[in-house]
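Below, each chain spelled out in residue letters.
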Amino acid sequence: MLLSGQSVIVTGGSSGIGRAAALACARQGADIVIGHIGSDDSAAEVATLMDEIDEVGRQSVAVGGDAADPETARRLVDTAVDAFGGVDVLINSAGICPFHSFLDMPLELYRQTVDVNLNGAFYAVQAAANQMKTQGRGGAIIAVSSISALVGGGMQTHYTPTKAGVNSLMQSCAIALGPWNIRCNAVLPGTIETALNREDLASPEKRDYMTGRIPLGRLGEPDDLAGPIVFLASGMARYVTGASLLVDGGLYVNLQ
Ligand SMILES: NC(=O)C1=CN([C@@H]2O[C@H](COP(=O)(O)OP(=O)(O)OC[C@H]3O[C@@H](n4cnc5c(N)ncnc54)[C@H](O)[C@@H]3O)[C@@H](O)[C@H]2O)C=CC1
Ligand SMILES: C[C@H](O)[C@@H]1OC(=O)[C@H](O)[C@@H]1O
């Protein structure tokens, strides 16, 4: 197993990419702290996930709270220390992408997107990294950025800068945390079918357009991210830090 006995925190762990990553890490021998937003819906999703983690013989605990609140990051780390004796891996997946036009973007929506996606990532990474440094046994941090760190979206002017920021955060943290053997990498998903884009992809025209742009011929599913994330978390990637790994079925390179 690639993550035997490791303690893994996953933010946004109740659904989509975070959920797939949490389960994949458990299948590789890790115990999981599941960060979720703390709503009734996310608590119900977490209960099912905890059962699945239990079925593969690993333990999990859940922590509800707003990723935009630095206190949530501290609680995630404290819980990992109490329950599993430390933090070996952080997977930061919590995020929002409420499509909206630019010229009439509500200030509150812009601020919320930055607060959750970028500031939330900073808080979680800083809290986990301090714990990893104290432990003195290295660690791995994987941030879920996006293909949108590299390209634009007319209805995503509040969102794409946060994903570029998350990618940049991993690059700078790779330098800042390298001396403690804490590796920092980003995965850049393309279009993955999750709750995040359910509304956007409900239009058959948009869905067909997006699918048609992907050389591998299909939209992604959350499990497509599981392998790359486990790889970056594991010792197989022990000399990989500051990397940005596109997981997009070839979408980014498909000009014509
Ligand atoms: N689905 C896609 O096509 C792509 C998704 N991504 C990124 O992947 C990450 C995961 O998204 P998905 O799995 O697609 O969607 P998702 O909606 O299933 O997952 C996002 C998770 O973040 C949680 N979350 C949202 N706001 C939060 C807050 N304030 N505090 C705590 N948790 C909060 C949600 O409850 C949810 O569990 C996001 O960061 C997203 O930007 C990146 C590229 C493409
Ligand atoms: C929500 C979008 O469909 C999704 O999110 C991203 O980061 C990319 O822009 C994807 O297309």
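Residues numbered from 1 in each chain as written. Chains lettered and ligands numbered in written order. Predicted model: local features only at pLDDT ≥ 70, side-chain atom pairs only at ≥ 80, totals over all residues. Heavy atoms only, no water.

### Here's the deal with the site of ligand 2
- Contacts to ligand 2 come from Cys-97, Phe-99, Ser-146, Ser-148, Gln-156, Tyr-159, Gly-190, Thr-191, Leu-196 and Asn-197.
- Between Gln-156 and ligand 2, the recorded distance is 3.1 Å, taken from a side-chain N or O atom to an oxygen atom.
- Measuring from an oxygen atom of ligand 2, one finds a side-chain N or O atom of Tyr-159 at 2.6 Å.
- The fraction of the free accessible surface of ligand 2 (290 Å²) that becomes covered by protein chains is 90%.
- Here the shell around ligand 2 is built from residues that sort into 4 nonpolar, 6 polar and no charged. (Near = heavy atom within 4 Å. Polar contact = N/O pair within 3.5 Å; in protein donor to acceptor, adjacent residues only side chain to side chain. Areas by Shrake-Rupley, 256 points an atom, 1.4 Å probe, with all protein chains shown as cover. Nonpolar A, V, L, I, M, F, W, Y, C, P; charged D, E, K, R; others polar.)

### Quick word on the confidence of the model for the protein
- Mean pLDDT over the protein stands at 98; residues scoring 70 or higher make up 100%.
- Scored by ipTM, the complex comes to 0.99, with pTM at 0.99. (pLDDT = per-residue confidence, 0-100.)

### What to know about a negative patch on the surface
- Taken together, the side chains of Asp-66, Asp-69, Glu-108 and Asp-115 define an acidic patch exposed on the protein surface.
- Here Glu-108 shows up in helix H4 (residues 107-135). (Patch = residues over 30% accessible without salt bridge, like charges linked within 9 Å, V, L, I, M, F, W, Y side chains within 5 Å. Salt bridge = Lys/Arg side-chain N within 4 Å of Asp/Glu carboxyl O. Lys, Arg positive; Asp, Glu negative; His and termini not counted. Charge placed at Lys NZ, Arg CZ, Asp CG, Glu CD. Helix = DSSP H or I, 4+ residues; strand = E, 2+ residues; numbered from the N terminus.)

### What about the pattern of salt bridges?
- In the structure shown here, the tally under the stated rule is 7 salt bridges.
- With a shortest N-O distance of 3.1 Å, Glu-71 and Arg-74 are connected by a salt bridge. Taken together, the positions of Glu-71 and Arg-74, both in helix H3 (residues 70-84) and 3 residues apart, correspond to about one turn of that helix.
- Put simply, Glu-193 and Arg-207 hold a salt bridge, and the shortest N to O gap is 2.8 Å. Linking Glu-193 in the loop between strand E6 (182-189) and helix H6 (204-212) with Arg-207 in helix H6, this pair joins segments that are 14 residues apart in sequence.
- On the accessibility criterion, Glu-193 (36% relative accessible area) is partly exposed. (Buried < 20%, exposed > 50% of the residue type's maximum accessible area, 1.4 Å probe, protein only.)

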